[in-house]
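What follows is the residue order along each chain.
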Amino acid sequence: MKLEKVLICLEKMGIGGVETAVLNQVAALTKQGVECVVLAEEGIYSNKVVEIGAKFIDFKFPLRNCIDGGIVKELINIINEEQITQVHINQFPCMQYMLYACTYTNVPYVAYLHTGYDLIIREDELNIFNWYCKQYPIFNELFPLYFKNASKIVAITQVAKDYCAKRYNLDMDKIIVCPNSIDFSLFEEEKIVDSNEKIFLSIGRLAKEKEESLFHTIDFYKKLKEKNNAFKLQIAGDGDSREVIEKYIEDNNIKDCTFLGQISNVPEVMHKSFIVAGVGRCIIDAIASKTLALIVSKDSVRDFVTPKNLGKCIEGNFSTSAIDARDEEEIIEDILNVTSESELEIVNANYKLAKEKLDINNNIFILDSKKVVYDVQEVLTSFLNVNHYVAEKIDEYEKTIEYFKEENSKIPSYLEKIDDLNEKLQAIYGSRTYKISKKVSNIINRKNK
């Protein structure tokens, strides 16, 4: 393989499935001798990138309904100064700028689809593509162009591949399926479990969209705890909903919960846990750490992962729809009946199958060194279309502003008219004619009662 210098883009190097996937991607590429530069807003995993041996550049990709030419220029400078030979784009907010920077520098890019089943199976406004197009209408222009000009598209599931190909009329050969994988060497330390307590670890962002699944997790833990007092709850992650979750813990009278906040030492924390509850990437981490894994959705606790359902979980990217929900009491009973021997049997079998299917070293992708040819006229036309849309919106806003300015300018004259009418009204109230008519009216009203 010819040595390449890869620019890997995402929104922020914080806690999350995409961020962890990128960290594993960087580790695998670095081992293969590929020089990597990660471009993202600084987060808890930024230092990990550097420790692996890659370069990290703090950079913000603002999600806006326009193309900021200044940001595109900055990206062009980074590509040139770092002598980047290919770009890997992991999230859509990066795409609206990198598309034009790559075209200008004539550098090929890979488009990643970190899109699970749950975000594309529906066709309402919660569909990930529909959401972007509604919230930021310029994406109606950008999405088709972005996928058309990508040298390769990497989808984490077959469902995502099929959906994207159909929606944007793409050649199926252009899209490869590369499952969400992991560097198993990061989890090689020995598992340490305290025999006097069993850590029940919930891991994930404490965000609004995650609240319902966290409530289900806490409810499930409470039932489990009532039957075995050895369990202790830990919650890893942070976000705007932390106070909501803390209050739910308090309202449920759970005294033994520990909030760990954002963590970057995931293997260490998981190795001390008896079971990990969550969805997506954290389930893969749990399997790699040889820990029992429980998938929880916003609707219910689904099931814990075993060799029998692991294949389905992999196909569905460990999403909440990957496996059917089982009766909670049955799941609790199964967990309570887990012995040291049966635990080892489950986690070792899970690990073995996952290692065969999800080893990042077997699922890493990099472009060959062939040159890319962009249709510059088409890309420029899209840029002009986006700018035309933005200009129209600006005109609409300016007209609205002018309208309100004009209406506001009339307020003094309206106030004068009100004052004049008040004066006339007071004059009427004080007149002899009004007082006589008022007395007559009162007499008539008394007689009618």
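Residues numbered from 1 in each chain as written. Predicted model: local features only at pLDDT ≥ 70, side-chain atom pairs only at ≥ 80, totals over all residues. Heavy atoms only, no water.

With respect to the pairing of strand β6 (residues 152-155)
Point 1. Both faces of β6 are covered, namely the face carrying K152 and V154 and the face carrying I153 and A155.
Point 2. Relative to β6, strand β5 (residues 109-113) runs parallel, the two sharing four bridges. Note that in β6 the partner of A111 across the bridge is I153.
Point 3. Pairing geometry for β6 and strand β7 (residues 175-177), over three bridges, is parallel. (Buried < 20%, exposed > 50% of the residue type's maximum accessible area, 1.4 Å probe, protein only. Helix = DSSP H or I, 4+ residues; strand = E, 2+ residues; numbered from the N terminus. Pairing = 2+ DSSP bridges.)

Considering the pattern of salt bridges
Any two side chains of opposite charge can pair if their charged atoms end up close together.
Point 1. What the rule picks out here adds up to 19 salt bridges.
Point 2. In this structure, K208 engages E211 in a salt bridge whose closest nitrogen and oxygen atoms are separated by 3.7 Å.
Point 3. E211 sits in the buried class, given a relative accessible area of 9%.
Point 4. Close ionic contact of K247 with D251 constitutes a salt bridge, the shortest N to O distance being 3.0 Å. In this pair, K247 and D251 are both assigned in helix α10 (residues 242-251), four residues apart and thus about one turn of the helix distant.
Point 5. When its relative accessible area of 48% is taken as the criterion, K247 is described as partly exposed.
Point 6. Counted as one network, the salt bridges with shared partners bring together K5, E35, K55 and E82. (Salt bridge = Lys/Arg side-chain N within 4 Å of Asp/Glu carboxyl O.)

Some points on the pairing of strand β13 (residues 301-304)
Point 1. Here strand β12 (residues 292-296) pairs with β13 via three bridges, running antiparallel. The residue bridging V296 from the neighbouring strand is V301, located in β13.
Point 2. The turn linking β12 back onto β13 is made up of four residues.

Focus on the sheet that holds strand β8 (residues 198-203)
Point 1. Spatial ordering of the open sheet is given by β10-β9-β8-β11-β12-β13, a layout of six strands whose pairing is mixed. Two strands in the sheet have a free side with no partner beyond their single neighbour: β10 (257-261) and β13. Going across the sheet, the axis of each strand differs from the next one's by a mean of 20 degrees, ignoring polarity.
Point 2. Bridge count for β8 against strand β9 (residues 231-236) is six bridges, and the pairing is parallel. By the bridge assignment for β9, F200 is matched with L233.
Point 3. On top of the sheet, helix α12 (residues 281-288) reaches β8, β11 (275-278) and β12; it is set at about 165 degrees to β11, its chief contact. (Axes fitted to C-alpha atoms, helices over the stretch in contact; angles between N-to-C directions. Contact = heavy atoms within 4.5 Å.)

Side note on the sheet that holds strand β4 (residues 86-89)
Point 1. Taken together, the seven strands give an open sheet; going across it, the order is β3-β2-β1-β4-β5-β6-β7, and neighbouring strands pair in parallel fashion. Looking at the sheet topology across the chains shown, the edges are occupied by β3 (55-58) and β7. Neighbouring strand axes in the sheet, compared pairwise and without regard to direction, differ in orientation by 20 degrees on average.
Point 2. The sheet contact formed by strand β1 (residues 5-12) and strand β2 (residues 35-41) spans six bridges and is parallel. In the strand pairing of β2, K5 is matched with E35.
Point 3. In the packing of helix α4 (residues 92-105) onto the sheet, the strands contacted are β1, β4 and β5, and the crossing angle to β1 comes to about 145 degrees.

Some thoughts on unusual backbone geometry
Point 1. Its identity as a non-glycine residue notwithstanding, N169 has a phi of 50 degrees, on the positive side.
Point 2. Relative to the helices and strands, N169 resides in the loop between α8 (158-167) and β7.
Point 3. Here N253, not a glycine, exhibits a phi torsion of approximately 55 degrees, which is positive.
Point 4. Topologically, N253 is positioned in the loop between α10 and β10.

Concerning the environment of K308
Point 1. Tracing the backbone through its elements, the reader meets K308 in the loop between β13 and α13 (310-315).
Point 2. Residues K308 and A349, spaced 41 residues apart in sequence, show a C-alpha to C-alpha distance of 9.8 Å.

Considerations on the packing of aromatic side chains
Point 1. One pass over the full model with this rule turns up 25 aromatic pairs.
Point 2. Seen in terms of ring centroids, F92 and F143 are 5.0 Å apart; in terms of plane orientation they differ by 80 degrees. Their pairing is edge-to-face. Residue F92 is found in helix α4, and its partner F143 is found in helix α7 (residues 139-149); the two are separated by 51 residues along the sequence. Across this residue pair, the class does not change: F92 and F143 are buried.
Point 3. Summarising the aromatic geometry, the rings of W131 and Y132 are spaced 5.1 Å apart at their centres and angled 90 degrees between planes, so their arrangement reads as edge-to-face.
Point 4. Above the face of the F274 ring, K198 is positioned so that its terminal group lies 4.7 Å from the ring centre.
Point 5. Above the ring of Y351, the side-chain terminus of K290 is found at 4.7 Å from the ring centroid. (Phe/Tyr/Trp six-rings, centres within 6.5 Å; stacked < 30°, edge-to-face > 60°. Lys NZ or Arg CZ within 6 Å of the ring centre and 35° of its normal.)

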